[in-house]
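What follows is each chain in one-letter form.
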Amino acid sequence: MAREMIEHAQAEYPKEACGMVLGPGGRLVELHRLENVDPDPVMRYNVDPKELLRLTNYMYDKDWDMAAIYHSHTHSPAFPSATDVQLAGYPQAAYILLSLSDRQRPDLRAFRIIEGNITEMTVERTPNGQV
């Protein structure tokens, strides 16, 4: 999935890309690209509420979890910004950040954000680049 996230971020550049990864028991099974509808899509992202509702209903119908929320930072490090921390409302989800400040070498990192506390998670990749 790392490759899919990187491809999504590169395709949306200079806009921030965003999406979710769903799966049972918090496992990363299905990546869903979402459209960034924020009026300032270079500095932040926002998802269309109808699209988010559709995906949430799909997740509940499958009895899956929101395993991860991902988005890109186009000009800053792969570390949660103050806005990211403020808006982090899903403590069960991993927050995956992908920096494109060096587009030739994207940096992908994952975090838990719980009550404003940021904890970096280990990102394990298979030989073919999957997370």
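Residues numbered from 1 in each chain as written. Predicted model: local features only at pLDDT ≥ 70, side-chain atom pairs only at ≥ 80, totals over all residues. Heavy atoms only, no water.

### Considering the sheet that holds strand β2 (residues 30-34)
Neighbouring strands of a sheet are bound in pairs by backbone hydrogen bonds; such pairs are parallel or else antiparallel.
Thought 1: In spatial order, the strands read β2-β1-β3-β4-β5-β6; together these six strands make up an open sheet with mixed pairing. Taken across any chain shown, the strands that pair with only one partner, and hence form the sheet edges, are β2 and β6 (117-121). Each strand of the sheet is rotated relative to its neighbour by a mean of 30 degrees, with strand direction disregarded.
Thought 2: Judged from the six bridges that link them, strand β3 (residues 65-73) and strand β4 (residues 94-99) form a sheet pairing that is parallel. Across the sheet, the residue bridging to His73 is Ser99, located in β4.
Thought 3: The strands touched by helix α1 (residues 2-12) are β1 (18-23), β2, β3, β4 and β5 (107-114); relative to β2, the strand with the most contacts, the crossing angle is about 10 degrees. (Pairing = 2+ DSSP bridges. Helix = DSSP H or I, 4+ residues; strand = E, 2+ residues; numbered from the N terminus. Axes fitted to C-alpha atoms, helices over the stretch in contact; angles between N-to-C directions. Contact = heavy atoms within 4.5 Å.)

### Re helix α2 (residues 49-62)
Thought 1: Across its 14 residues, α2 extends 20 Å between first and last C-alpha, which sits within 8% of the 20 Å expected from 1.5 Å per residue.
Thought 2: Of all the residues in α2, the buried ones are Glu51, Leu55 and Met59. Seen along its axis, α2 keeps its buried residues to an arc of 75 degrees; they face one direction. Residues of α2 that are exposed and point more than 90 degrees away from the buried face comprise Pro49, Lys50, Leu53, Tyr60 and Asp61.
Thought 3: For α2, the elements touching its buried residues are β1, β2 and β3.
Thought 4: A distance of 2.7 Å separates the backbone nitrogen of Lys50 from a side-chain oxygen at the start of α2, and that oxygen is part of Asp48. (Expected span 1.5 Å × (residues − 1). Buried < 20%, exposed > 50% of the residue type's maximum accessible area, 1.4 Å probe, protein only. Arc of directions from axis to C-beta. Polar contact = N/O pair within 3.5 Å; in protein donor to acceptor, adjacent residues only side chain to side chain.)

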